[in-house]
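Residues per chain, in single letters:
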Amino acid sequence: MRRTKLIPEVNAGSMADIAFLLLIFFLITAAIPKDKGINRKLPNKCPKGVDCSAPIPDRNILAISINANSEIMIDKDLVKLTDVKLLVKRFIDNNGDKSCNYCKGEKLQTLSDNPQKAVVSLQTDRNTSYSQFIEVQDELTKAYYEVRKDYSKAIFNKEPEDLTKEEMQKVKKAYPFILSEAETR
């Protein structure tokens with residue numbers, strides 16, 4: 001009698017279905033990160049017939065630079081990261097009359113003409129650490145948030161989150177976040 005070895009066959013018909021179900025399962029359960037980045041609004045295009053290249057007086061520019069060693073300088077003075085917020089608040093919040101809420105009675109010559117004309121210029125070196133750049137950006141954002149918060153409390157007697165859309169527009173108009181970024185080298 002002749003014996004033949006039969007090799008059992010594997011039914012692979014449902015393998016494609018299983019692979020497809022596994023793929024769907026992993027796509028649904030996997031967390032896909034959504035990087036938000038830094039929330040900044042680009043300036044509008046210059047309207048025709050308007051000179052948008054008018055020079056800004058030095059008094060209205062707060063020059064912040066971060067060098068290759070990630071050291072922060074504001075108007076050529078070396079400062080700590082923890083001082084950036086207060087210095088920016090002093091620069092922008094002068095009520096248009098050279099006095100400020102954050103100056104503790106002192107009148108500084110380094111204040112902008114008024115908050116609508118205050119420009120923060122941030123310059124970085126090519127070798128500035130990314131983390132230092134982000135930390136300075138965070139301090140700038142905190143400074144503007146705090147002056148806007150104080151303004152909304154003083155004018156509308158509300159927290160910024162409780163403002164209507166129109167009220168928030170008035171706050172942003174009173175304290176526009178004007179930031180100029182550039183690489184020094």
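Before going into details, it helps to say that this report is about the structure given with it.

According to the stated counting rule, one finds six salt bridges in the structure shown. Of the charged contacts, one joins E139 and K142 as a salt bridge, the two residues approaching to 3.2 Å between their closest N and O atoms. Of this pair, E139 and K142 both sit in helix α3 (residues 130–156), three residues apart, which is roughly one turn of that helix. Linked by salt bridges that have partners in common, K85, K89 and E146 make up one network.

Tallied over the entire structure, the rule returns three aromatic pairs. Ring centres of F25 and F26 lie 5.3 Å apart, and the angle between their planes is 70 degrees; this geometry places the pair in the edge-to-face category. Under the relative-accessibility criterion, F25 is labelled partly exposed at 46%. Exposure remark for F26: the relative accessible area of 53% places this residue in the exposed category. Aromatic pair Y151 and Y175: ring centres 5.5 Å apart, planes at 75 degrees, arrangement edge-to-face. With Y151 in helix α3 and Y175 in the loop between α4 (165–174) and β5 (179–183), this residue pair connects regions lying 24 residues apart in the sequence. Classification of Y151 by relative accessible area gives partly exposed; the value is 24%. Judged by relative accessible area, Y175 falls into the buried class, the value being 6%.

Let us now look at the packing of α3 against α4. Packing of α3 against α4 brings their axes to within 10 Å, and their N-to-C directions diverge by 125 degrees. Taken together, the axis directions place α3 and α4 in an arrangement best described as oblique. Like other packed secondary-structure pairs, α3 and α4 cross with a definite hand, here right-handed. For the pair α3 and α4, the contacting residues are R148, Y151, S152 and F156 in the first and E167, K170, V171, K172 and A174 in the second. Its residues placed into classes, the contact of α3 with α4 shows four nonpolar, one polar and four charged.

Let us now look at the nonpolar core. The biggest cluster of nonpolar side chains holds 21 residues, and the ones touching the most others in it are I64, V88 and L140. Of all the secondary-structure elements, those providing two or more residues to this core are β1 (61–66), β2 (72–74), α2 (81–92), β4 (119–124) and α3. The biggest single contributor to this core is α3, with six residues. When residues no more than four places from it in sequence are discounted, the contact partners of L140 are I64, V84, V88, V120, L122, F177 and L179.

Definitions and limits used
Residues numbered from 1 in each chain as written. Predicted model: local features only at pLDDT ≥ 70, side-chain atom pairs only at ≥ 80, totals over all residues. Heavy atoms only, no water. Salt bridge = Lys/Arg side-chain N within 4 Å of Asp/Glu carboxyl O. Helix = DSSP H or I, 4+ residues; strand = E, 2+ residues; numbered from the N terminus. Phe/Tyr/Trp six-rings, centres within 6.5 Å; stacked < 30°, edge-to-face > 60°. Buried < 20%, exposed > 50% of the residue type's maximum accessible area, 1.4 Å probe, protein only. Axes fitted to C-alpha atoms, helices over the stretch in contact; angles between N-to-C directions. Parallel < 35°, antiparallel > 145°, perpendicular 65-115°, else oblique. Left-handed = near helix turned anticlockwise from the far one by under 90°. Contact = heavy atoms within 4.5 Å. Nonpolar A, V, L, I, M, F, W, Y, C, P; charged D, E, K, R; others polar. Core = buried A, V, L, I, M, F, W, Y, C linked by side-chain atoms within 4.5 Å.

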